[in-house]
Structures are given as C-alpha cells and as structure tokens.
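Residues per chain are reported as follows:
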Amino acid sequence: MTMFFYSVVLVLGASLFAQAIARFPIPSVDCQSLPQASYPFCDPKLTPETRATDLVSRLTVDELISQTFYLAPAISRLGINAYNWRSNCAHGWTLSGGPDWLGYTWTVFPAPIGMAATFDKDLVLKAGQVTSTEGRALHNEIMTHYNGASQEATGLNCYSPVVNLLRDSRWGRAQETFGEDPYLLSQIGVAYTKGLQEGSDPTYVKIAASPKHFSVHSGPDNIRNRFTANTTLHDLYDTYLAAFKSQVIGGKAMQIMPALSGMRCEKEEDGAPDAANPFLLQTVLREQFGAPNISVVSDNEAIEQVYSDHHFASSYEQAAALCMNASTDLDLGDTTYIKYLPVALKDNLVHFSGSVPVDQWQSDKHAR
Ligand SMILES: *[C@@H]1O[C@H](CO)[C@@H](O)[C@H](O)[C@H]1NC(C)=O
Ligand SMILES: *[C@@H]1O[C@H](CO)[C@@H](O)[C@H](O)[C@H]1NC(C)=O
Ligand SMILES: *[C@@H]1O[C@H](CO)[C@@H](O)[C@H](O)[C@H]1NC(C)=O
C-alpha cells in the first residue's frame, strides 16, 4: 500500500536545521516492502504525526537535504518513493508540463477571477472538491504507470490558489487571482482551499493547497526576481496579509509559497526577498498566524535568485543559508539547496542549536 503522510513539524531534537528541513510533508512510502513493514511509521494504528516523526528521525542529514529538492529522490532503504512537487490547480487540475500521453481529460473551471465573480463560496468549494478528486485520480493512474514515483503535475499537492490582492491590473496575472477585495479574496480562497484539502476522511489531506505568492505581490511581473515592494505595516496587515491569514487559519493550508519579490516595511528594513525573509516567514507566518508546522516552498528559482538577481546574498551558499534560516523548506526549480546546503552546514552558516553535533547526527545510529 502506498501511504502519503502529510505531517509537519517533526521533532527531531537534533537541531533547528534538521527540524527546519524535516518540516515539509513526506511523500509516499511503500510499507509492504520489508524490512520497513515492522517500523512504527508503517503502523496504521499510530497517528500520522507519530508515523511521520518516526520516518523522518531515520533520515540522515544527507537524505534530509536530498528531500529539499522539488524532484525529491527515492530513499529506497526506507521505501520512500521519488516525488515531484511541481503541480498546479488554480481552476481545475492542470497537466501543463506533465505527462499527458495517457490521454486523460479533466475539468477546467473558469479562471479564478471569474470564479470569484460568482460571489458564491459554496460553488467554489465544489470546484475545489472536483479538482482534488480529479487530482487524486490522475495521481493514482500516474503512480501505477511510473512504479510509485509521482511525475510533474500529478502530485498530491498543488501550488494554488493565488490569493494575491489584485492591486494593479497591469500586473498581467489578474485572471489568476480572486480580485481586489481582501474579504472576497479570503472567503473565496478558503472555499477553494477547503475543497482541495478536505476529503471524506479527516485523517488525510486530499490535495495539499499552497496559497501564493506570500505576500506583497501584484506586479511588476517582468522584474519580480529583483523587485522589492515597499509597504507600511498598516497596509500589509489590512490588505495584503488578510487573505493569507485566512488561508492559514481558516483554510488550514498545508503549504505556502513566498513571492519572488522582496518586501520592505518598518519591521523589515533590509527588504529581504520573501523566501529569505524571516519577518514574513517566521514572525508573521509561523508565530502570528500560529502555524509553526506549515511548510514553505520557494517559488521557481527563488533561492538561487536571492544571490543571482536580488544580490541580497554574497554567494549561492549564503543564499541557501539565508532561505533555510528564514524557514523556506523546499527549493522549487533549481539546485541551490542540494548543492549548497552541505557547504553552508560545514561553514556554520546554517543554525544549529541542538545538543547532537552534526557528525554524530550523520552516524549509523541515525541511519537506522
Ligand atoms: C506542530 O507539530 C507538533 C509535532 O507534531 C505538534 O505537537 C504541535 O501540536 C503542532 N502544532 C500545531 C499548532 O499544529
Ligand atoms: C523602496 O524604499 C527604498 C528604501 O527607502 C528605496 O531605495 C526604493 O527606491 C523604494 N522602492 C520603490 C519601488 O519605491
Ligand atoms: C543563520 O542563523 C545562524 C544562527 O542565528 C547564524 O549563525 C548564521 O550566520 C545565519 N546564516 C546566515 C547566512 O545569515
């Protein structure tokens, strides 16, 4: 049986770093194969949190780092299958970029701005439910064709919905949003997220939503990789954050995607790129929204761009460390984490606070 654990903070005790990279959900695990059938993470009587904690505690640091890449490789000694994190479902499932050779069809709903224009959250909830049912079906089909390894656009998560405030219609992505009103954005966004995530069995998440792009983002799109949005705390909390807060608290979104741009306000005078922004990701998201266990996925190549485009870091290594310190868990679209986290770790650029030194952490004891 293929299991999908959507669990979140996995208390490893070893280090903040390990906790940080263990926070994101763990892809499917094949519990039929020996020897893992006898391990606690394969015991269906235990809670998903306990099982996921057990599973993650068995990973070495190298294995944990390997899972920060969106094309997460299999860890066959533990029966963990490969998992491709890139999927989207803004108004129905999308196979763009994915394997369409099977010839499946699926439902395409009106663009989000049109769904919002219904002002009907029950209807949007249903659209989300259809989308997650079709997403699950596609996932199951693809898993049988690819021997348990998920492919692009057929995962159990998707980088949707877009709950950015449509503040400037020249942005170019107006159709992807639920509009300009923070209240409508919140209500329609939560309806869609619940439709995606909540199935008949509350133990499992149907399709994990990832509201984006957190948070001060409504263009300019052509310079988004290096743009820093200036805002005030008043504007931030009253408008830009409202829909994200609803997604996290009301919608219980499993994941969130920071914007590619940076953000500057009274509390964040450096204007850090959002994936490297501790005020946004730690203070606002994890502390003020009360979501310590939510997982954070970078937007495409955001971690690399902290150095290459924003010039906010002095090297890729520092960019990787800044993003991990800020608590971005998953690197979408580039290889900065898997290439540079091992180096950053050696150079003490990533925070370690636990009592178990990294060399012991990598020992056989932990590679059980
Ligand atoms: C976060 O995860 C830990 C470990 O599973 C759990 O004890 C805690 O209740 C979770 N916190 C929230 C707010 O969900
Ligand atoms: C934002 O503020 C910074 C610092 O005050 C300033 O240098 C920059 O030009 C401002 N950017 C915009 C787009 O207004
Ligand atoms: C990450 O955080 C640790 C602990 O605060 C600090 O020592 C380290 O310098 C930080 N890394 C970067 C690149 O700032």
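Computed from a predicted model, the values in this text were never measured in an experiment. (Residues numbered from 1 in each chain as written. Chains lettered and ligands numbered in written order. Predicted model: local features only at pLDDT ≥ 70, side-chain atom pairs only at ≥ 80, totals over all residues. Heavy atoms only, no water.)

*Asks:* Hey, could you run me through the overall build of the protein chain in this one?
*Replies:* Counting secondary structure elements, the protein chain contains twelve helices and eleven strands. Residues classed as buried in the protein chain amount to 55% of the 368 residues present. A fraction of 71% describes how many contacts in the protein chain between residues 6 or more apart in sequence connect residues 24 or more apart. Accessible surface computed for the protein chain: about 14900 Å², of which carbon and sulfur atoms make up 52%. (Helix = DSSP H or I, 4+ residues; strand = E, 2+ residues; numbered from the N terminus. Buried < 20%, exposed > 50% of the residue type's maximum accessible area, 1.4 Å probe, protein only. Contact = heavy atoms within 4.5 Å. Areas by Shrake-Rupley, 256 points an atom, 1.4 Å probe, with all protein chains shown as cover.)

*Asks:* Which parts of the structure should I look at to understand the state of the cysteines?
*Replies:* Each disulfide consists of one covalent bond between the sulfur atoms belonging to two cysteines. Counted under the stated rule, the structure contains two disulfides. Each sulfur in the disulfide pair Cys-31 and Cys-42 lies 2.1 Å from the other. Across the S-S bond linking Cys-31 and Cys-42, the dihedral sits near -90°, which makes this disulfide left-handed. On the criterion of sequence distance, the pair formed by Cys-31 in the loop between strand E2 (26-30) and helix H2 (48-57) and Cys-42 in the loop between E2 and H2 is long-range, its members being eleven residues apart. The partner cysteine of Cys-89 in its disulfide is Cys-158, sulfur to sulfur 2.0 Å. In this pair, Cys-89 sits in the loop between strand E4 (83-84) and helix H4 (112-116) while Cys-158 sits in strand E5 (residues 157-158), placing the two residues 69 residues apart along the sequence. (Disulfide = S-S within 2.5 Å.)

*Asks:* Mind showing me how you'd approach helix H11 (residues 336-346) here?
*Replies:* Count 3.6 residues to each turn of an α-helix, and residues three or four apart come out pointing the same way. Among all positions in H11, only Thr-336, Tyr-337, Leu-341, Ala-344 and Leu-345 are buried. Seen along its axis, H11 keeps its buried residues to an arc of 115°; they face one direction. Within H11, the exposed residues directed more than 90 degrees away from the buried face are Lys-339 and Lys-346. (Arc of directions from axis to C-beta.)

*Asks:* Explain the site of ligand 3 here, please?
*Replies:* Neighbouring ligand 3 are the residues Gln-318, Ala-321, Leu-322, Asn-325, Leu-349 and His-351. Computed on the free molecule, ligand 3 has an accessible area of 360 Å², of which 59% lies beneath the protein chains in the complex. Split by residue class, the shell around ligand 3 holds three nonpolar, three polar and no charged. (Near = heavy atom within 4 Å. Nonpolar A, V, L, I, M, F, W, Y, C, P; charged D, E, K, R; others polar.)

*Asks:* What exactly am I supposed to notice about the packing of helix H6 (residues 182-197) against helix H7 (residues 233-249) here?
*Replies:* When two helices pack together, their arrangement is given by the angle between the helix axes and the distance between those axes. Remark: H6 packs on H7, axes separated minimally by 8 Å, with the N-to-C direction vectors making an angle of 20°. Comparing their axes, H7 and H6 come out roughly parallel. The crossing of H6 and H7 is right-handed. Residue-level contacts link Pro-182, Leu-185, Ser-186, Gly-189, Val-190 and Thr-193 of H6 to Asp-238, Thr-239, Ala-242, Ala-243, Ser-246 and Gln-247 of H7. (Axes fitted to C-alpha atoms, helices over the stretch in contact; angles between N-to-C directions. Parallel < 35°, antiparallel > 145°, perpendicular 65-115°, else oblique. Left-handed = near helix turned anticlockwise from the far one by under 90°.)

*Asks:* Explain helix H5 (residues 121-145) to me, please; I cannot follow it from the model alone.
*Replies:* Compared with the 36 Å implied by 1.5 Å per residue over 25 residues, the 36 Å span of H5 between its first and last C-alpha is a close match. The N-capping residue of H5, defined by a side-chain oxygen 3.2 Å from the backbone nitrogen of Asp-122, is Asp-120. Looking one or two residues past H5, Asn-147 carries a phi angle of roughly 55°, positive in sign. (Expected span 1.5 Å × (residues − 1). Polar contact = N/O pair within 3.5 Å; in protein donor to acceptor, adjacent residues only side chain to side chain.)

*Asks:* Can you walk me through unusual backbone geometry in this structure?
*Replies:* If a residue is not glycine, its phi is most likely negative; likewise, a peptide bond is most likely trans. Cis peptide bonds are those with omega within 30 degrees of zero, and the linkage from Lys-212 to His-213 qualifies with -5°. Residue position: His-213 is located in strand E7 (residues 212-214). If you check the backbone angles, His-311 has positive phi at about 55° while not being a glycine. In this structure, His-311 sits in the loop between helix H9 (302-308) and helix H10 (316-326). For His-311, a relative accessible area of 61% translates into the label exposed.

*Asks:* What should I look at first to understand the pattern of salt bridges in this one?
*Replies:* Within this structure, the stated rule accounts for nine salt bridges. With a shortest N-O distance of 3.9 Å, Arg-86 and Glu-152 are connected by a salt bridge. One end of the pair, Arg-86, is in the loop between E4 and H4; the other, Glu-152, is in the loop between H5 and E5, with 66 residues separating them in the sequence. The partner of Asp-221 in a salt bridge is Arg-224, and the shortest N-O contact between them spans 3.4 Å. For Arg-224, a relative accessible area of 24% corresponds to the partly exposed category. (Salt bridge = Lys/Arg side-chain N within 4 Å of Asp/Glu carboxyl O.)

*Asks:* It is not clear to me how the sheet that holds strand E9 (residues 255-258) should be interpreted in this structure. Could you clarify?
*Replies:* Two modes of strand pairing occur in sheets, parallel and antiparallel, and in both the strands are linked by backbone hydrogen bonds. Pairing in this open sheet of three strands is parallel, and the strands run E7-E9-E11 from one edge to the other. Each edge of the open sheet carries a strand with a single partner, namely E7 and strand E11 (295-296). Sheet topology note: the E7/E9 ladder contains two bridges and is parallel. Looking across to E9, one finds that Lys-212 is bridged to Met-257. (Pairing = 2+ DSSP bridges.)

*Asks:* Would you take a moment to explain the packing of aromatic side chains for this structure?
*Replies:* Each aromatic ring pair is described using two quantities: the centre-to-centre distance and the angle formed by the ring planes. Under the definition given, this model contains seven aromatic pairs. Both rings, one in Phe-69 and one in Tyr-70, keep their centres 5.2 Å apart while their planes meet at 80°; by these two values the pair is edge-to-face. Since its relative accessible area comes to 15%, Phe-69 is described here as buried. An aromatic cluster is defined as three or more aromatic residues linked by ring pairs; in this entry it consists of Phe-214, Phe-244 and Phe-289. (Phe/Tyr/Trp six-rings, centres within 6.5 Å; stacked < 30°, edge-to-face > 60°.)

*Asks:* I keep staring at the side chain of Ser-87 and nothing clicks. Help me out?
*Replies:* Within the secondary structure, Ser-87 is located in the loop between E4 and H4. In this structure Ser-87 comes out as buried when scored by relative accessible area, which is 1%. For Ser-87, the side chain forms a polar contact with the main-chain nitrogen of Ala-153, separated by 3.5 Å. Within polar-contact distance, the side chain of Ser-87 engages the backbone nitrogen of Thr-154 at 3.3 Å. Discounting residues that sit within four places of it in the chain, Ser-87 has contacts with Trp-93, Ala-153, Thr-154, Gly-155, Asn-157, Cys-158 and Tyr-159.

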